[in-house]
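Architecture and fold: a report
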Amino acid sequence: MRNLRTEREITSRWGPVSENPAVSICCIAYNHESYIEDAFEGFLIQETNFPFEIIVHDDASTDKTADIIREYADAYPNIIKPIIQKINQYSISQSQPIINAVRVSRGKYVAVCEADDYWLDPNKIQIQHDYLEKNPSIVISGHDAKIVNEKNEVVSKSKLHDSMKKDFSPEDLVTGKCSVLTLNWFHRNIDVYSLPEQRHVLNMDNFVLSLLGHHGGSHYHSDIASSAYRVHSGGVWSGVSNNRKNEAQINTFFWMYQYYSRVNMKSQARCYWQKYLRVVFLQISYSDLVIEVFRKVFRSPYSKIRRLVAGH
C-alpha cells in the first residue's frame, strides 16, 4: 500500500460535513491489480473543501484486485466504500458495473474513473465542483488526458482531438456530436443509468452522455492537468480490435434508437437510426449489401442470390 495522506489529513480540509458527501467518485475494477493503486492515489490526492466518497466496484476479479481494494478501504473506512462481487455480474446478466456503483452513490455530483486509468491534478474535482455550482446550465464537465502504457510511459500527450476541446450544447450531447472523456466525467447525480435499454448497451458512455444532454450542456476545462488514459491488452475498450469497436457502436446506436422510439422522441430516434445504418454499411461488403437488397425486394432465397452476385 502506498504512503499517502491519512484519512484524518484528508478530511481535516473539509468544511461542515453534511449527511451526504458532495461528490461520489465511482470507480469500476476488474483484474486491475497492476494499476488500481495509481487510481487510488489519484483519488486520495484530491484537495477539497467538501466531503467526497469513493465507491469502488470490483466485478469478481480473479487476481488480487479485491484484496487491494479491501486494504485501502480498511485504511480509509469513512471515504472508500467497496462493492466486491463474488460472481461476475456482467457475465450473468450483462449488468454494467458502473450502474451498480452509481446506484449507491450519495453525492450531489458523480465523478467517474475506471481502475486502470488515473488522475494527476489534485485540484481536479474541486475545480469541476465549483464550476457546476456556479453554472446550472452545465450538466457535465471534463478535460483532456494523455495516453500511457502498462509502464506509465506516455504514448500520446493528448487523447482528445483539438476540435473536441470545447464546450458542447445540450443538443450536441443528445445527438452524440461531442466527446467528453469518460475517465474525467464530473456530472450532476441524475438518474440516467437505469433504463431497460441500457442492459443491452455495450458503450454505456454514449448512452449516458445523450441522456445527460436533456439536462444541460458540457464544459471543457483547460485549467485541469491531463489525466492518464491507459492502453493495455486487458483494457475493456483499448484492448479490443477495431471490428469489435464497430460492433459495439452498432449495438449502442441500435438500443439508443430503441429508447428514443419508445419515449416517442422521433427526431432523436431518427438520428440514432441513421448513425446505426452508417456504421452497419461500413461493416458490410458491397456484395452482401446487394444480396440483402435483393432478398428484401424479391423475396429470393439467400443461396440463389449469392450465386447471381458471384456471376454463377
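To be clear, the structure that these remarks concern was listed above.
Now for a description of the structure that goes with this document.

1. Re the overall build of the protein
Within the protein one finds 12 helices and 10 strands. Counting the 312 residues in the protein, one finds 47% classified as buried. Approximately 15700 Å² of the protein is accessible, and the part contributed by carbon and sulfur atoms is 50%.

2. A few points about the environment of E9
When you line up the elements, E9 lands in helix α1 (residues 7–11). At 2.8 Å, the side chain of E9 and the backbone nitrogen of T6 are in polar contact.

3. So, the pattern of salt bridges
Scanning all chains against the criterion turns up nine salt bridges. The salt bridge partner of E41 is R2, with a shortest N-O separation of 2.7 Å. With E41 in helix α2 (residues 36–44) and R2 in the segment before α1, the pair connects residues that are 39 residues apart, well separated along the chain. Residue E41 is classed as partly exposed on the basis of its relative accessible area of 29%. R2 sits in the partly exposed class, given a relative accessible area of 31%. In this structure, E133 and K108 form a salt bridge, with 2.7 Å as the shortest nitrogen-oxygen distance. Taken together, the residues E133 in helix α6 (residues 124–134) and K108 in the loop between α5 (97–103) and β4 (109–112) connect sequence positions 25 residues apart. What makes E133 partly exposed here is its relative accessible area of 41%.

4. Focus: the environment of Q283
Along the chain, Q283 falls in helix α10 (residues 266–283). On the basis of relative accessible area, Q283 is assigned to the partly exposed category, the value being 31%. Residues Q283 and E247 lie 36 residues apart in sequence; the distance between their C-alpha atoms is 8.3 Å. Residues in contact with Q283, not counting those within four places in the same chain, are N243, N246, E247 and I250.

5. Thoughts on the pairing of strand β2 (residues 52–58)
A large share of β2 lies buried, amounting to seven of its seven residues. Of the two faces of β2, the one carrying F52, I54, V56 and D58 and the one carrying E53, I55 and H57 are both buried. Where strand β1 (residues 23–29) meets β2, seven bridges bridge the pair, whose relative direction is parallel. By the bridge assignment for β2, I28 is matched with H57. Crossover connection from β1 via α2 to parallel β2: handedness right-handed. Inspection of the sheet shows β2 paired to strand β3 (residues 80–84) by five bridges, in the parallel sense. Its bridge partner lying in β3, D58 is registered against I84. You can see the chain leave β2, run along helix α3 (residues 65–75) and come back into β3, and the turn it takes is right-handed.

The rules behind these values
- Residues numbered from 1 in each chain as written.
- Predicted model: local features only at pLDDT ≥ 70, side-chain atom pairs only at ≥ 80, totals over all residues.
- Heavy atoms only, no water.
- Helix = DSSP H or I, 4+ residues; strand = E, 2+ residues; numbered from the N terminus.
- Buried < 20%, exposed > 50% of the residue type's maximum accessible area, 1.4 Å probe, protein only.
- Areas by Shrake-Rupley, 256 points an atom, 1.4 Å probe, with all protein chains shown as cover.
- Polar contact = N/O pair within 3.5 Å; in protein donor to acceptor, adjacent residues only side chain to side chain.
- Salt bridge = Lys/Arg side-chain N within 4 Å of Asp/Glu carboxyl O.
- Contact = heavy atoms within 4.5 Å.
- Pairing = 2+ DSSP bridges.
- Right-handed = clockwise from strand over helix to strand, strands pointing away.

Fair warning: the whole summary comes from geometry, so function is off the table for now.
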